[in-house]
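Structural description and commentary
Here are the chains, one letter per residue:
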Amino acid sequence: MARGAKECAPRLARLRAGEKNQVLETAARLLLERSEEILAANRRDLESGEQAGLSAALIDRLSLDEGRIAGMASGLRQVAGLADPVGEVLRGRVMDNGIHMRQVRVPLGVMAVVYEARPNVTVDAFGLAFKAGNAALLRGSKTAQESNRALVAILQDAVAAHGLPRTAVSLVSCQSHDSVTDLITARGLVDVVIPRGGARLIEAVVTQATVPAIETGTGNCHVYVDASADLAAAREIVLNGKTRRCSVCNATETLLLDAALAGAAKLDLVRALQEAGVTVHGDVEKLAEFGSRDVVAAEESDFAEEYLSMDIACAVVDGVAGAVAHIARYSSGHTEAIVAKDADVLLRFAEEVDAAAIMLNASTAFTDGEQYGMGAEIGISTQKLHARGPMALPELTTTKWILTGSGQTRP
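Residues numbered from 1 in each chain as written. Predicted model: local features only at pLDDT ≥ 70, side-chain atom pairs only at ≥ 80, totals over all residues. Heavy atoms only, no water.

The name given to the protein in an unreviewed UniProt entry is Gamma-glutamyl phosphate reductase, with the source organism recorded as Corynebacterium atypicum. Under the Sequence similarities (unreviewed entry) heading, UniProt states for the protein: "Belongs to the gamma-glutamyl phosphate reductase family." Recorded in UniProt for the protein, the comment headed Subcellular location (unreviewed entry) runs: "Cytoplasm". (UniProt positions renumbered as here; feature names shortened; annotations may be inferred.)

In C-alpha cells:
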C-alpha cells in the first residue's frame, strides 16, 4: 500500500485546485447516495462493539446516522471551498547574478494517519490530505473496521471516477498492532505520520516511529484565575471550557485558583462547576479552607490527566508565578488560559507559558481550526517543528526552493 501511495503521489502533486475540488465534490455526493451501505457497515461495528463491552462514550463516537454522514459530506465540500495551498509562493527575490529564486508550498507526499474509533476521521483525513496534494494511508481502529472499509471504498470510487489511481487513499489492516509498526517505520515510502487519538496511541506512535511524526494534542488544558480577574467573566470562561464539550482536546481539564482570590470567589467557581455536574478533584483540605465540599481527593496523576469527561482537577497556586510553574509541570502543551485584568500578569503569562495556544481572558474552546478561520483541520499539533496549533491545509504541505537562471555558474 505504501509503495502504491508513493507511486501515485507525484501525480496528485500536479493536480490543479479545480481537479481536486471535483474529486471532493464527487466523494461528497457518493457518501450521500450510498449512505445505506455505510450505515449497514456501521451497524456491524456497533453490534461487535456492544458484544465487546465498549463504553457508551465509545459507542457514541463509533455511531453513524444520516445526519453524521451528511456532516462528513458537508466537510468535504467545505474543504473543496478552501484555498489550495499548493503552489503558494512564500518568499522570493532576484539574486545579484540575475537568478530568480522563490520558495513555494508543495505536498508532503505520502501522509499516514493512525487514529481511533471515529469513522468520520476517515473522511476528514482523506479530504485534507487530498486537497493538499498528498496520498493518504489510513489506519483506523478495529472497532470501526467495517465502517472504514465502506467509507474508503466510496472514496476510492470517487478518485477512480476522475481517472486517478485508487491508491490515492488506502485503508491499512487493523487486525494487529504490527500494521501500525510497519506503517510508522516505512522510511522512504511514508513521508509523515500523524496520530489522532488518546494519549497512549500518540505516545506509542511518536516514540516508535522512524518516519517523521507530527504529535497532535492530548489536551490537559488549564485555566488560571488571577486575583485581578473579572469574576463573572471567569465563571463563564471556566464553565464554557469544561462543559461545552467535555470530550474534546480543547476542553478545560484543570482550574488554577490564585491564593490571593477571596475565599467566596474561589468557592463560587468550584460550586459553579459542581452545579453544572462536574466532579472536582483536588486537595480536599486545601479546598475546604474556603468552604468547598464534595471534592474527590486528587492524586499526583490527576493533575496530568486529560479527563475528556465531566471531571476537572483544581489547585490553589501562589499567583501567576505559581500558575506558570504548575502548568510547566503538568501541561501537554495544547492550550492554556488566564483570566485577569492586570496587564503585567497577562503579559507574564503570555510570555512564560509554553503551549501551542495561549488564551487571555477567553475560553480554551477557541483552539480550533474553524474558529481560527482555517477551515477544517486534521488535529492540534503540540510539537514545535513544522506545525504548531491547528493543522489545516497549509500545515499538510512542505516547501521547496525553485531557482531559475539563464546559464549562471558559481565562481
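Anyway, onward from the coordinates.
Observations regarding the overall build of the protein
Along its length, the protein carries 14 helices and 16 strands. Computed over C-alpha atoms, the radius of gyration of the protein comes to 24 Å, within 12% of the 22 Å expected from 2.2 N^0.38 for 411 residues, which places it in the range of a compact globule. For the protein, the spread of C-alpha atoms along the three principal axes comes to 70 × 65 × 35 Å. Counting every position in the protein, which comprises 411 residues, the buried fraction comes to 51%. (Helix = DSSP H or I, 4+ residues; strand = E, 2+ residues; numbered from the N terminus. Rg over C-alpha atoms; globule rule 2.2 N^0.38 Å. Buried < 20%, exposed > 50% of the residue type's maximum accessible area, 1.4 Å probe, protein only.)

Details of the packing of helix α2 (residues 17-33) against helix α6 (residues 120-131)
Look at α2 against α6: their axes get within 10 Å of each other, and the N-to-C directions meet at 165 degrees. With respect to their mutual orientation, α2 and α6 come out roughly antiparallel. Judged by the sense of rotation from one axis to the other, the crossing of α2 with α6 is right-handed. Counting all contacts with α2, which are made through Lys20, Asn21, Val23, Leu24, Ala27 and Leu31, the residues of α6 involved are Val123, Phe126, Gly127, Phe130 and Lys131. Taken together, the residues of the contact of α2 with α6 sort by class into 7 nonpolar, 2 polar and 2 charged. (Axes fitted to C-alpha atoms, helices over the stretch in contact; angles between N-to-C directions. Parallel < 35°, antiparallel > 145°, perpendicular 65-115°, else oblique. Left-handed = near helix turned anticlockwise from the far one by under 90°. Contact = heavy atoms within 4.5 Å. Nonpolar A, V, L, I, M, F, W, Y, C, P; charged D, E, K, R; others polar.)

Observations regarding the environment of Ile99
Structurally, Ile99 can be placed in the loop between β1 (89-94) and β2 (100-107). Expressed as a C-alpha distance, the spacing of Ile99 and Ser406, which sit 307 residues apart in the sequence, is 7.3 Å. Ignoring anything within four residues of it in the chain, the contact list for Ile99 reads Arg93, Val94, Leu403, Thr404, Gly405 and Gln408.

Quick word on the packing of aromatic side chains
The tally for this structure, following the rule as stated, stands at 2 aromatic pairs. A ring pair is formed by Phe303 and Tyr330, whose centres lie 5.9 Å apart and whose planes are at 40 degrees; its orientation type is tilted. Of this pair, Phe303 sits in the loop between β10 (296-297) and β11 (311-317) while Tyr330 sits in helix α13 (residues 319-330), and the two are 27 residues apart along the sequence. Since its relative accessible area comes to 12%, Tyr330 is described here as buried. (Phe/Tyr/Trp six-rings, centres within 6.5 Å; stacked < 30°, edge-to-face > 60°.)

Focus: the UniProt feature "domain: Aldehyde dehydrogenase" (unreviewed entry) in the protein
Per the UniProt record, the feature "domain: Aldehyde dehydrogenase" (unreviewed entry) sits at residues 3-275. A helix fraction of 51% and a strand fraction of 16% characterise residues 3-275, whose end C-alpha atoms lie 55 Å from each other.

Details of the packing of α2 against helix α7 (residues 145-160)
Contact pair α2 / α7: the axes reach a minimum separation of 8 Å and the direction vectors enclose 140 degrees. In terms of orientation, α2 and α7 fall into the oblique class. Seen along the crossing, α2 lies across α7 with a hand that is right-handed. The residues of α7 that touch α2, namely those facing Val23, Thr26, Ala27, Leu30 and Leu31, are Leu151, Ile154, Leu155, Asp157, Ala158 and Val159. Of the residues assigned to the contact of α2 with α7, the class counts are 9 nonpolar, 1 polar and 1 charged.

Considerations on the pattern of salt bridges
Going through the model one piece at a time under the given rule, you end up with 17 salt bridges. Put simply, Glu88 and Arg105 hold a salt bridge, and the shortest N to O gap is 3.0 Å. Pair noted here: Glu88 is in the loop between α5 (66-80) and β1 and Arg105 is in strand β2, with a separation of 17 residues, a long-range link. Overall, the relative accessible area of 37% leaves Glu88 in the partly exposed class. Accessibility expressed as a relative area gives 18% for Arg105, which makes it buried. (Salt bridge = Lys/Arg side-chain N within 4 Å of Asp/Glu carboxyl O.)

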